[in-house]
Amino acid sequence: TTYKVGYFVGSLSSTSVNRELAKALIRSAPQDLEFTELPIGNLPLYSPDHDADYPPEALALKDAIHQSQAILFVTPEYNRSIPGALKNAIDWASRPWGQNSFDHIPAAVIGASIGQIGTALAQQSLRAVLSFCNARQMTAPEAYIQYTPELFPGNGEVTDESTRAFLTDFMAGFRDHVVRVLTVLPRETR
Ligand code: FNR
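Residues numbered from 1 in each chain as written. Predicted model: local features only at pLDDT ≥ 70, side-chain atom pairs only at ≥ 80, totals over all residues.

**A look at the nonpolar core**
Alright, step 1. Ranked by size, the top nonpolar core spans 49 residues in total, and within it F8, L21 and V74 carry the most contacts.
Alright, step 2. When residues of this core are traced back to their parent elements, those giving at least two are β1 (3-9), α1 (17-28), α2 (56-67), β3 (70-74), α3 (84-94), β4 (106-113), α4 (120-132) and α5 (161-184).
Alright, step 3. Per-element accounting of this core gives the leading share, seven residues, to α5.
Alright, step 4. Dropping the residues within four chain positions of it, F8 is found in contact with L38, I40, F73, V74, L86 and A89. (Core = buried A, V, L, I, M, F, W, Y, C linked by C-beta atoms within 7 Å. Buried ≥ 20, exposed ≤ 12 C-beta atoms within 10 Å, placed from the backbone. Helix = DSSP H or I, 4+ residues; strand = E, 2+ residues; numbered from the N terminus. Contact = placed C-beta atoms within 7 Å.)

Shown next, in the form of structure tokens:
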């Protein structure tokens, strides 16, 4: 069996360090996880006015989440919270009322920052949002990554052995979490 993982990169930057982290995580992941990015940059701003007739970009997002068995959030910290673009995407996917795409979905959060706290506050903020959305979050291990270009030279490479091992461990933990949640809550029941 393979498990389809949809992943969000919370940044719209063309040089996003979190996209670099996402590449490294995919390289470090168990073979039975298959990854698809869920783009957020083309979404209009959410308004309940759209609930009766979602635009194609938002329908595509909800459909892509529905095709995923699990979700991984790889996000920067903006002003001690998550970027507006990511919150906007979550708001779209959580609606219309009664059609919350995150209900019971296995999920994990991780992020990289150039600063030392490595997105800790953004992750707390995101966890609160995902709790309300009723996602099944992996609570441990946690991962707060301080990005440097030396550590992540590109193409998902990680130069430091202990960081590589840490990311491998995180993704192995995520895989186990996904399998555990799906055993109790098979995808078809959501
Ligand atoms: C930041 N940055 C930042 N870093 C951090 O550790 N805590 C923070 O609260 C913030 N706040 C913040 C706000 C805004 C508007 C910007 C543009 C940046 C710095 C941030 O970590 C850095 O720009 C990363 O490179 C962002 O990740 P991406 O976009 O490269 O993936």
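**Observations concerning the UniProt feature "domain: NADPH-dependent FMN reductase-like" (unreviewed entry) in the protein**
Alright, step 1. Per the UniProt record, "domain: NADPH-dependent FMN reductase-like" (unreviewed entry) is annotated on residues 4-146.
Alright, step 2. As annotated, residues 4-146 comprises 34% helix and 20% strand, and the C-alpha atoms at either end are separated by 27 Å. (UniProt positions renumbered as here; feature names shortened; annotations may be inferred.)

**Structural notes on the packing of α1 against α5**
Alright, step 1. Packing of α1 against α5 leaves a shortest axis separation of 8 Å and a crossing angle of 70°. It follows from the interaxial angle that α1 and α5 lie roughly perpendicular. Contacts between α1 and α5 involve A24, L25 and S28 on the former and, on the latter, R164, L167, T168 and M171.
Alright, step 2. For the contact of α1 with α5, the residue count by class is four nonpolar, two polar and one charged. (Axes fitted to C-alpha atoms, helices over the stretch in contact; angles between N-to-C directions. Parallel < 35°, antiparallel > 145°, perpendicular 65-115°, else oblique. Nonpolar A, V, L, I, M, F, W, Y, C, P; charged D, E, K, R; others polar.)

**Side note on the site of the ligand**
Alright, step 1. Contacts to the ligand come from 14 residues, most closely from S11, S16, N18, P76 and G115.
Alright, step 2. Here the residues of the shell around the ligand are counted per class, giving five nonpolar, seven polar and two charged. (Near = placed C-beta within 6 Å.)

**Considerations on the pairing of strand β2 (residues 33-37)**
Alright, step 1. With five bridges joining them, β1 and β2 adopt parallel strand pairing. Bridged to K4 within β2 is E34.
Alright, step 2. Following the backbone out of β1, through α1 and into the adjacent parallel β2, one traces a crossover that is right-handed. (Pairing = 2+ DSSP bridges. Right-handed = clockwise from strand over helix to strand, strands pointing away.)

**With respect to the confidence of the model for the protein**
Alright, step 1. Within the protein, residue pLDDT values average 97, and 98% of them lie at 70 or more.
Alright, step 2. Reported for the predicted complex are a pTM of 0.97 and an ipTM of 0.99. (pLDDT = per-residue confidence, 0-100.)

**Examining the packing of α2 against α3**
Alright, step 1. Taken N-terminus to C-terminus, the directions of α2 and α3 make an angle of 80°; their axes are 9 Å apart at the nearest point. Accordingly, the angle class assigned to the pair α2 and α3 is roughly perpendicular. Contacts between α2 and α3 involve A58, L61, K62 and I65 from the first element and A89, W92 and A93 from the second.
Alright, step 2. Here the residues of the contact of α2 with α3 sort into six nonpolar, no polar and one charged.

**A word on the pairing of β4**
Alright, step 1. Most of β4 is tucked away: eight of the eight residues are buried.
Alright, step 2. Both faces of β4 are covered, namely the face carrying P106, A108, I110 and A112 and the face carrying A107, V109, G111 and S113.
Alright, step 3. Note: β3 against β4, four bridges, orientation parallel. When the bridges of β4 are listed, F73 appears paired with V109.
Alright, step 4. The handedness of the β3 to β4 crossover, carried by α3, is right-handed.
Alright, step 5. Pairing of β4 with strand β5 (residues 136-137) involves two bridges; the strand directions are parallel. Within β5, the residue paired with P106 across the bridge is R136.

**Some points on unusual backbone geometry**
Alright, step 1. A cis amide bond links R95 with the next residue in sequence, P96, at an omega value of -5°.
Alright, step 2. With respect to the secondary-structure elements, P96 resides in the loop between α3 and β4.
Alright, step 3. Each neighbour pair has its own omega, and for A140 with P141 the value is 0°, a cis peptide bond.
Alright, step 4. If you trace the backbone, P141 turns up in the loop between β5 and β6 (144-146).

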